[in-house]
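Architecture and fold: a report
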Amino acid sequence: QVQLVESGGGLVQAGGSLRLSCAASGSTFSMKDMAWFRQAPGKEREFVAQINWSGGLKAYAGSVKGRCAISRDNAKNTVFLQMNGLKPEDTAVYYCAARKQEFAGWRTAADPDEYDGWGQGTQVTVSS
């Protein structure tokens, strides 16, 4: 089992930067693919970025590609999402999640059902 706690959100100006952190508890963190999702009011949870267990493979949603970077530090049981050039449309609650062990091999997995360990999320608000 893995438990995840997101942090680092806040209120920022458009064009600003923010780095989100996801702290994991559990001995199997380093063997799991991880992803960031976000959910804005009135919308379904949507995929943002994904990283494989070693950090060598990454995928991004088209809406954030070029502005965001996902990374991980397995020694610290933490995954990060660096966000630059933030836009008002980036406003959402951001969640991290671990890919379920029943799914094997690398592929872009944008379906929230392929992940578990959801935390409470961290609010990102970008003002115009």
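Residues numbered from 1 in each chain as written. Predicted model: local features only at pLDDT ≥ 70, side-chain atom pairs only at ≥ 80, totals over all residues. Heavy atoms only, no water.

Re the side chain of arginine 38
Structurally, the position occupied by arginine 38 is in strand β4 (residues 34-39). Among the polar contacts listed, one links the side chain of arginine 38 to the side chain of tyrosine 94, at a separation of 2.9 Å. Discounting chain neighbours no more than four positions away, the residues touching arginine 38 are Glu44, Arg45, Glu46, Val48, Ser63, Val64, Glu89, Asp90, Ala92, Val93 and Tyr94. (Helix = DSSP H or I, 4+ residues; strand = E, 2+ residues; numbered from the N terminus. Polar contact = N/O pair within 3.5 Å; in protein donor to acceptor, adjacent residues only side chain to side chain. Contact = heavy atoms within 4.5 Å.)

Topic: the state of the cysteines
Under the counting rule described, the total for this entry stands at 1 disulfide. One disulfide bridge connects cysteine 22 with cysteine 96, the sulfur atoms lying 1.8 Å from each other. With the S-S dihedral at roughly 55 degrees, the linkage between cysteine 22 and cysteine 96 falls on the right-handed side. Of this pair, cysteine 22 sits in strand β3 (residues 18-25) while cysteine 96 sits in strand β9 (residues 92-99), placing them 74 residues apart in sequence. (Disulfide = S-S within 2.5 Å.)

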